[in-house]
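Okay, here's what each chain looks like letter by letter:
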Amino acid sequence: MSLALVGAGREAAVSPKLWRDDFPILGERVHGKPLAYLDNAATTQKPQAVIDALAGYYAHDNANVHRGVHTLSQRATDAYEAARAKVRGFINARQAEEIVFVRGATEAINLVAASFARPRLAPGDEIVLSAMEHHSNIVPWQLACAATGAVLKVVPIGDDGAFLPEAYEALLGPRTKLVAMTHLSNALGTVTPARWIVERAHAAGVPVLLDGAQAISHLAVDVGALGCDFYAFSGHKVFGPTGIGVLYGKAERLRSMVPYQGGGDMIRTVTFEESRFADIPYRFEAGTPNIAGAVGLGAALDYVSAVGMGAIAAHERELVAYATRELERIPGLRIVGTAKEKASIVSFTLEGVHPHDIGTIVDHAGVAIRAGHHCAMPVMQRFGIPGTARASFALYNTLDEVDALVAGVDEARRMFR
Amino acid sequence: MTAALRELYQDVVFDHARTPRNRRRPARSSHQAQGHNPLCGDKVTVHLDVADGVIRDAAFEGEGCAIATASASLMTEALKGKPVEEAERLLEGFHHMVTDPQAAAHPELGKLEVLAGVREFPVRVKCATLAWHTFHAALHGGHAPVSTEDGQ
Ligand SMILES: Cc1ncc(COP(=O)(O)O)c(C=O)c1O
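Residue positions are given per chain, counted from 1 along the sequence in the order it is written. Chain labels run from A onward and ligand labels from 1 onward, assigned in the order the entries are written. Where local features are concerned, this predicted model is filtered to residues with pLDDT of at least 70; where side-chain atom pairs are given and counted, the filter is 80 or more; whole-chain, interface and lining totals use all residues. To get the side-chain values, all heavy atoms of the structure are used, and hydrogens and water are removed first.

Student: Is there a simple way to explain the sheet that holds strand β2 (residues 42–51) of chain B in this structure?
Tutor: Each strand in a sheet pairs with its neighbour through backbone hydrogen bonds, running either in the same direction (parallel) or in the opposite one (antiparallel). All names here are of chain B. Pairing is mixed across the open sheet formed by four strands, whose spatial order is β3-β2-β1-β4. With one partner strand each, in any of the chains shown, β3 (54–61) and β4 (146–147) form the two edges of the open sheet. DSSP bridges decide pairing: two strands pair if at least two such bridges lie between them. Strands here mean DSSP runs of E at least two residues long; helices mean DSSP runs of H or I at least four residues long; both are numbered from the N terminus. Relative to β4, strand β1 (residues 31–37) is paired through two bridges, and the arrangement is parallel. Looking at β4, one finds that G35 is bridged to V146. The contact definition used throughout considers only heavy atoms, calling two residues in contact when any of these lie within 4.5 Å. Fitting a line to C-alpha atoms yields each axis, with helices limited to the stretch in contact; the angle taken between N-to-C directions then spans 0 to 180 degrees. Lying on the sheet, helix α5 (residues 125–139) is in contact with β1, β2, β3 and β4; it crosses β1 at an angle near 150 degrees.

Pasting the structure below:
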């Protein structure tokens, strides 16, 4: 095969050039080659605005929150609460108190499993999730099941990795106590019909948690329109810092829940006989939170809003279509996850070449991709493969970077021929 | 292709990855163990037939990346016919070779030296050592599968 035709007929609808300049790390070189960062599903890079917000917070406002009468403490508290308000606006929650700051999607899901699910689960009760969940949306429920005798019900996926609506409806039953579903699969790129999933569950009186760890930086997320009871995501996958994330919960749900951890800031009064818990969301934010992280996340969401989710989605659609088309020209290459509804992710296998070897070889061409099971081992079992190589895109990626990927993968094929 | 890549993927490595030696379930085996690299999901089972302190036969089962497969293949070749003590010294030498950037030549490792290039690829070292960890577990009993993430 000749790759001479690579690049023919490409016409970028939106130019990521301007956005690239906002991300200093994209100027790095790897093995002497320009970095092509295509591992955005693992974590995204940070725009200068986020880096500046972190530095600015520590340079000018740093103090503990909700604790001091002094000026800096007030400034830090204001900055932290302003970030909460930005998150509220970004996902269209009704009230800022519905936004709980946590470490990331993983902690958000564990919080719901511990404080919402466990007290409500009895032996034989069922939690419905899909066959394409990240381990973070499986293991917390398994722990809850082990503690209560509840069981998991897994909605199968199609050969193309698509969500199967009939299979889902068939699993919703009288014992279903919760639906926990991904909004966008990190292993396959499949987008689930989240709004419909919530509608069907609510019709059966079942609350829904959506794992939005991937969706948050690729789809316009409107929790009001989705109607979900809980929505979980991580700051670091939407251009914000690591160590900060969000649990959105409907106010009435959060109010009905016991605290997750105990400590300072989450109580109203403490005696050795009893403690009275603070209102939401503070009830779930024990201890000194990641204040700078929240401020950085606020800056990241401002950045995404300024670019516009519509422009991001259009650009990524083009990248996915182009990468799919060009990769499929490589003999022996198979795309895993070809659902009609998909976004931002191209997972693939190459006959005779293990994903790890692909990852090492393209890294030497400056291309960063992920190789392995992507913390979704059940997905790999479903397709009977040990893992995939995965390119995942963000707003700053270019068609040239896709070309570098395709050339690297083709080199791996030739080396192993 | 960069020089480091060429060092890693030598012809001998490709040869053993494509046509692994001793990838079979042997009729006789006195020791065996399973190994797992949770980072990539690779699994390997090592079978040994040890009698009078000598490894009469060594074989493996499993699929992995080129480095893991070639390493298992080369290892089983090297182990066959070796006294157990000598085999354990090979294990030590191999581990040293792939983890110590300053490691001098290891003539006693013979053909295994083709995997020396892996030390330039820290994230791939575990691919090369999986079979050897599993060999060690097979020799020293222990029923739980070993993992490349255990205690190191
Ligand atoms: C779909 C999905 N859910 C959950 C997570 C967990 O996110 P974190 O590790 O940031 O808590 C990830 C991260 O890879 C993910 O892709």
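Additional details are given in the paragraphs that follow.
Student: Please explain the interface of chain B and chain A as it appears in this structure.
Tutor: Often, the extent of an interface is quoted as the loss of accessible area on bringing the components together. At the interface, 20 residues of chain B touch 13 residues of chain A. Summed over both partners, buried area is the accessible surface (1.4 Å probe) that two parts give up on being assembled. Where chain B abuts chain A, roughly 1,400 Å² becomes buried across the two surfaces, and 61% of that area is made up of carbon and sulfur atoms. By salt bridge we mean one thing: a side-chain nitrogen of Lys or Arg within 4 Å of a carboxyl oxygen of Asp or Glu. Where chain B meets chain A, there are one salt bridge. Across the pair R124(B) and D357(A) runs a salt bridge, and its minimum N-O distance is 2.8 Å. Elements with a contribution of two residues or more to the side of chain B that touches chain A: α1 (3–8), α2 (11–18) and α3 (66–79) of chain B. The greatest single-element share of the side of chain B that touches chain A, amounting to three residues, is contributed by α1(B). Residue composition of the side of chain B that touches chain A, grouped by class: 14 nonpolar, three polar and three charged. Under the convention adopted here, Pro, Cys and the residues Ala, Val, Leu, Ile, Met, Phe, Trp and Tyr are nonpolar, Asp, Glu, Lys and Arg are charged, and Gly plus all remaining residues are polar.

Student: Looking at this structure, I do not really get the sheet that holds strand β5 (residues 126–130) of chain A. What am I missing?
Tutor: All names here are of chain A. Read across the sheet, seven strands follow the order β4-β10-β9-β8-β7-β5-β6 without closing on themselves; strand pairing throughout is mixed. The open sheet has two free edges, formed respectively by β4 (99–102) and β6 (151–155), since each of these has just one partner strand. Averaged over all pairs of adjacent strands, the angle between their axes in this sheet comes to 20 degrees, without regard to strand direction. The pairing of strand β8 (residues 208–211) with strand β9 (residues 230–234) spans three bridges and is classified as parallel. Bridging across to β9, D211 finds its partner in A232. Against the sheet, helix α5 (residues 139–148) touches β5, β6, β7 (176–182) and β8, its axis set at about 145 degrees to β6.

Student: I tried to follow the site of the ligand on my own but got confused; where do I start?
Tutor: All names here are of chain A. What makes a residue near a molecule or strand is one non-hydrogen atom of that residue sitting within 4 Å of it. The local shell around the ligand consists of G104, A105, T106, H134, S136, N186, D211, A213, Q214, S234, H236 and K237. A distance of 2.5 Å separates an oxygen atom of the ligand from a polar side-chain atom of T106. Burial of the ligand by the protein amounts to 86% of the accessible area it has alone, namely 390 Å². Here the shell around the ligand is built from residues that sort into two nonpolar, eight polar and two charged. Nitrogen and oxygen atoms within 3.5 Å of one another constitute a polar contact, given that in protein one can donate a hydrogen and the other can accept it, and given that sequence-neighbouring residues count only through two side-chain atoms. Each accessible area value is a Shrake-Rupley result obtained with a 1.4 Å probe; residue values ignore everything except the protein chains displayed when judging cover.

Student: How should I be thinking about the pairing of β1(B) in this particular structure?
Tutor: In the case of a regular strand, side chains alternate between the two sheet surfaces. All names here are of chain B. With seven bridges connecting them, β1 and β2 associate as antiparallel partners. Bridge pairing links N37 to D42 in β2. In sequence, β1 turns back onto β2 through a hairpin of four residues, with G41 there showing a positive phi of about 85 degrees.

Student: Explanation requested: the domain arrangement of chain A in the structure shown.
Tutor: All names here are of chain A. How far each domain reaches was decided by an automatic or database domain assignment. By domain assignment, chain A separates into domain 1 (3–46 + 308–411) and domain 2 (51–305). In this structure, domain 1 and domain 2 have C-alpha centres spaced 28 Å apart. For the pair domain 1 and domain 2, the summed buried area comes to about 2,900 Å², and 58% of that belongs to carbon and sulfur atoms. Contact with domain 2 buries area across many residues of domain 1, yet K46, M309 and R382 alone supply 20% of it, more than any other trio. Seen at the junction of domain 1 and domain 2, the total is one salt bridge. With a shortest N-O distance of 2.8 Å, R382 and D159 are connected by a salt bridge. Scanning the region where domain 1 abuts domain 2 turns up 26 residue pairs in polar contact (both at pLDDT 80 or more). Within the residue set of the side of domain 1 that touches domain 2, elements represented by two or more residues are α11 (309–328), β14 (345–350) and α13 (377–383).

Student: What am I meant to see in the confidence of the model for chain B here?
Tutor: This prediction gives chain B a mean pLDDT of 90; 95% of its residues lie at or above 70. The predictor attaches a confidence to each residue, called pLDDT, with possible values from 0 through 100. Taken element by element, chain B is modelled with least confidence in β4(B), mean pLDDT 76, and with most confidence in β3(B), mean pLDDT 97.

Student: What am I meant to see in the packing of helix α3 (residues 71–91) of chain A against helix α10 (residues 291–307) of chain A here?
Tutor: Between two packed helices, the angle of one axis relative to the other and the distance separating the axes together describe the packing. All names here are of chain A. Contact pair α3 / α10: the axes reach a minimum separation of 8 Å and the direction vectors enclose 40 degrees. The orientation of α3 relative to α10 falls into the category oblique. Crossing handedness for the pair α3 and α10: left-handed. Across the interface between the two elements, A76, A79, Y80, A83, K86, V87 and F90 of α3 pack against I291, A294, V295, L297, G298, L301, D302, V304 and S305 of α10. The residue makeup of the contact of α3 with α10, split by class, is 12 nonpolar, two polar and two charged. Should an angle fall under 35 degrees it is taken as roughly parallel, and over 145 as roughly antiparallel, whereas 65 to 115 is taken as roughly perpendicular and any remaining angle as oblique. The crossing is said to be left-handed when, going from far helix to near helix, the turn is anticlockwise and less than a right angle, and right-handed when the turn is clockwise.

Student: Can you help me understand α10(A) in this one?
Tutor: One turn of an α-helix holds 3.6 residues; hence residues three or four places apart share an orientation. All names here are of chain A. How far a helix is expected to stretch is found by multiplying one less than its residue total by 1.5 Å. In a regular helix each residue adds 1.5 Å, so 17 residues correspond to 24 Å; α10 covers 25 Å between its end C-alpha atoms and thus fits that length. Buried means the residue's accessible area, taken with a 1.4 Å probe over protein chains only, is under 20% of the maximum for its type, while exposed means over 50%, and partly exposed covers the values in between. In terms of burial, α10 is largely enclosed, as 14 of its 17 residues are buried. Measuring from the backbone nitrogen of G293 back to the side-chain oxygen at the start of α10 gives 2.8 Å, which picks out N290 as the cap. After α10 finishes, the residue G308 shows a positive phi value of roughly 100 degrees.

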